[in-house]
Amino acid sequence: MNPENHTNSYYANSIKEETNYPVLDEELTTDICIVGGGFSGVSAGLHLSELGYKVVIIEANKIGWGATGRNGGEIIGGFSGDDIMQKKYDTKYTDMLWNMRWEGNDIIRKRVEKYHIDCDLKWGYLDVAIKKRHIQDLKFSYEDMQNHNYPHQISLLTGDETKNLIGTNEYIGGLLNMGNGHVHSLNLCIGEAKAAESLGTLIYEKSPVVRIEKNNKPKIYTSKGSVSANSLLLTGNAYHHFEKKMQNFIIPVNSFVIATEPLSNEIINKINPQDLAVCDPNYILEYFRLTGDKRLLFGTRLNYHGNDEDFIKTELRKKMLRIYPDLSNVKIDYGWTGKIAVTVNRIPQIGKLTSNIYYSQGYSGHGVNMTHLAGKLISEAISGTMERFDLFNSIRPVSIPGTYFLRRPLLSLGVMLYKIKDLL
Ligand SMILES: Cc1cc2nc3c(=O)[nH]c(=O)nc-3n(C[C@H](O)[C@H](O)[C@H](O)COP(=O)(O)OP(=O)(O)OC[C@H]3O[C@@H](n4cnc5c(N)ncnc54)[C@H](O)[C@@H]3O)c2cc1C
């Protein structure tokens, strides 16, 4: 595993403060060692350092190099599989689970304020409907939020109202939610890493972990150093390759994003004057939003396993033009791909491998907010409060033998099945 720089994305080309943490080349001892410097690892690291723990974060490449530095930046609210969890647990946990759906958003909001993180954070999000059954789903969500006294502005929109907000005829209705939003994920993650560092967290980049020793004081090894810790947290997510027991827990799925050149004010006023993040309800979903410098960032999945920039730009541009034909003369500046970790039951996997080795992964494409909550749940568990952590930990990950080796054919099959579901 050779360390890499950031992929050539809009995010990597608009980093506010480049990170340049050292390579681990010594033997360290600490309270908590975290493997993986994406949102999961950095979020947990910041929570734990706020509690006063000595934390070391080891990243194979650069902070935010994985899904965190490549995603759509949409702060969606809720988490994948939350409906399944609501059904699984009795009414004792209804309120607890409901509150957890929005807590990740609040953590992001508070951290950006507290640590003055410059990351283009914007509130305002539109779920759009394509089919009549989607309108029913949006109504249900709206009523559910009202019944729970959701504290932010929400409104159900007709097709015409939706068109007025986002300048396209593609959708027949929408649910506007001012408690969700969007963010420059890589700048947020780097800002959080700097905040953790300011509280004493040690961070190492370009230092892939190649081995773990599991005993009463777990120890990780890189090619040049090691860290011995009281607790270890694994957050390699879809890029995790070394802990065999976890290889079949998740299906890594490729997802793709493009960003146009900055748009004129005239176009912006037509397509998204309120600067909302937009997301459709399909399994193979499409999402888009404006960036801080007013590009249209557009993402979806393709049944494609490569990372050819021109191919990604061409294929996603076609889909973008279906929604916004007027953008046909707009240049596509960036096209990139990243891996999403999908779980079989869609529920994020937050748990323990042994008494002192924790893991957090598998947000199924819905991780910007959830990684922030996951980090908090892990920090609660490590500091001795297990109740909320155990709601996830007691759902054992479904492991499919061979997933790791068969991930390409499984992915093609999965995309095909989801395409069929979307047509129904
Ligand atoms: C294209 C794309 C679009 C997405 N859009 C959205 C969206 O709009 N909204 C949303 O909520 N979610 C979205 N997601 C999902 C979201 O980005 C992820 O759920 C989230 O970033 C996961 O963060 P993480 O830290 O768990 O994983 P990652 O960010 O993938 O981080 C894992 C890190 O672990 C490191 N690592 C792996 N192995 C080792 C090792 N051996 N040693 C040391 N380090 C190691 C990797 O280098 C990597 O940096 C998207 C994902 C993708 C790929």
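To keep things clear, this report deals only with the structure shown in the data block. Everything numeric in this text was worked out from a predicted model, so none of it was measured. Chains are numbered independently. Their residues run from 1 in the order of the written sequence. With pLDDT at 70 or above as the cut-off, local features in this predicted model cover only qualifying residues; side-chain atom pairs require 80 or more to be listed or tallied, and sums for whole chains, interfaces and linings still use all residues.

As for the overall build of the protein chain
Basically, it comes down to this: Secondary structure counts use DSSP, requiring at least four H or I residues in a row for a helix and at least two E residues in a row for a strand, with both numbered from the N terminus. Using C-alpha atoms as the atom set, the radius of gyration is obtained and then compared with a globule rule of 2.2 Å times the number of residues to the power 0.38. Whether a residue is buried, exposed or partly exposed is read from the other C-beta atoms within 10 Å of its own C-beta, which are placed from the backbone; 20 or more gives buried, 12 or fewer gives exposed, and intermediate counts give partly exposed. We call two residues in contact whenever the C-beta atoms placed from their backbones are within 7 Å.
From N to C terminus, the protein chain includes eleven helices and 17 strands. Compactness check: the protein chain gives a C-alpha radius of gyration of 21 Å against a globular reference of 22 Å for 424 residues, within 12% of the reference. For the protein chain, the spread of C-alpha atoms along the principal axes amounts to about 60 × 50 × 45 Å. Per-residue burial for the protein chain yields a buried fraction of 48% across its 424 residues. Within the protein chain, residue pairs in contact and separated by at least 24 positions form 77% of the contacts whose partners lie at least 6 positions apart.

What about unusual backbone geometry?
The backbone phi angle of Asp120 is positive, close to 50°, even though this residue is not glycine. Within the secondary structure, Asp120 is located in the loop between α3 (94-114) and β4 (122-129). The phi dihedral of Arg346 is positive, around 70°, even though this residue is not glycine. Along the polypeptide, Arg346 turns up in the loop between β15 (332-343) and β16 (349-354).

As for the packing of helix α1 (residues 39-50) against helix α9 (residues 368-382)
How we decide: Simply put, an axis is a line fit to the C-alpha atoms, just over the touching stretch for a helix, and the angle between two N-to-C directions goes from 0 to 180 degrees. Roughly parallel means an angle under 35 degrees; roughly antiparallel, over 145; roughly perpendicular, 65 to 115; everything else is oblique. In this scheme, a crossing is called left-handed if the near helix is turned counterclockwise away from the far one by less than a right angle; it is called right-handed if the turn is clockwise. Charged means Asp, Glu, Lys or Arg here, nonpolar means Ala, Val, Leu, Ile, Met, Phe, Trp, Tyr, Cys or Pro, and polar covers whatever is left, Gly included.
Running from amino to carboxyl end, α1 crosses α9 at an angle of 45°, the nearest separation of the two axes being 8 Å. If you check the angle between α1 and α9, you find them oblique. Crossing angle aside, the handedness with which α1 passes α9 is right-handed. Contacts from Phe39, Ser40, Ser43, Ala44, His47 and Leu48 of α1 reach α9 at Val368, Thr371, His372, Ala374, Gly375, Lys376, Ile378, Ser379 and Ile382. Residue classes in the contact of α1 with α9 are distributed as seven nonpolar, seven polar and one charged.

Describing the environment of Ala374
With respect to the helices and strands, the residue Ala374 is situated in helix α9. With 29 C-beta atoms counted inside 10 Å, the residue Ala374 sits in the buried group. The spacing of Ala374 and Tyr359 is 15 residues in sequence and 9.7 Å in space, taken between C-alpha atoms. Excluding residues that lie within four positions of it along the chain, Ala374 makes contacts with Ser40, Pro348, Ile350 and Ser360.

Re the environment of Tyr21
If you trace the backbone, Tyr21 turns up in the segment before β1 (27-35). When the C-alpha positions of Tyr21 and Tyr204 are compared, they lie 5.3 Å apart, and in sequence the two are 183 residues distant.

Let's talk about the site of the ligand
Let me state the cut-off plainly: We call a residue near a molecule or strand when its C-beta atom, built from the backbone, sits within 6 Å of it.
Around the ligand, 44 residues are found, and the nearest of them are Gly38, Gly66, Gly72, Gly338 and Gly367. Every element with two or more residues in the shell around the ligand is listed here: α1, β11 (250-260), β15 and α9. Class assignment of the residues belonging to the shell around the ligand gives a composition of 17 nonpolar, 23 polar and four charged.

Let's talk about the pairing of strand β14 (residues 296-300)
Put simply, the rule is: Pairing between strands is defined by DSSP: at least two bridges between the two strands are required.
Burial analysis of β14 places five of its five residues in the buried class, the great majority of the element. Burial along β14 is two-sided: Leu296, Phe298 and Thr300 facing one way and Leu297 and Gly299 facing the other are all buried. Where β11 lies against β14, four bridges are found, and the strand directions are antiparallel. Opposite Ala259, over in β14, you have Leu297 as the bridge partner. Direction of pairing for strand β13 (residues 287-290) relative to β14: antiparallel, over a ladder of four bridges. Bridging from a neighbouring strand, Phe288 pairs with Phe298 of β14. Counted between consecutive antiparallel strands, the loop separating β13 from β14 contains five residues, among which Lys294 sits at a positive phi close to 65°.

Observations concerning the packing of α1 against helix α6 (residues 185-198)
Between two packed helices, both the angle of their axes relative to each other and the distance between the axes serve to describe the pair. α6 packs onto α1 with a crossing angle of 30° between their chain directions and a minimal axis gap of 9 Å. It follows from the interaxial angle that α1 and α6 lie roughly parallel. Regarding α1 and α6, the two cross each other, and that crossing is left-handed. Of the residues in α6, those touching α1 at Phe39, Val42, Ser43, Gly45, Leu46 and Ser49 are Cys189, Glu192, Ala193, Ala195 and Ala196. Along the lines of polarity and charge, the residues of the contact of α1 with α6 split into seven nonpolar, three polar and one charged.

Digging into α3
The following threshold applies: For a helix, the expected span equals 1.5 Å multiplied by the number of residues minus one. Bend angle per residue: angle between axes fitted to the 7 residues ending at that residue and the 7 residues starting there.
Given a rise of 1.5 Å per residue, 21 residues ought to cover 30 Å, and the 30 Å separating the end C-alpha atoms of α3 matches this to within 8%. The largest bend along α3 reaches roughly 40° and is located at Trp102. Three or more residues of α3 are buried, namely Met100, Arg101, Trp102, Gly104, Asn105, Ile107, Ile108 and Arg111. As for α3, its buried residues are in contact with β3 (74-75), α2 (82-88), β6 (173-182), α6, α9 and α10 (387-393). At the exit of α3 stands His116, carrying a positive phi of roughly 50°.

Comments concerning the pairing of β1
Inclusion rule: Handedness is read with the strands pointing away from the viewer; a crossover is right-handed when the path from the first strand over the helix to the second is clockwise.
Across eight bridges, β1 lies against strand β10 (residues 226-234) in parallel orientation. Directly across from Ile34, in β10, lies its bridge partner Leu233. When β1 meets strand β2 (residues 55-58), the two strands line up parallel, connected through four bridges. Within β2, the residue paired with Cys33 across the bridge is Val56. Taken together, β1, α1 and β2 form a β-α-β motif whose crossover is right-handed.

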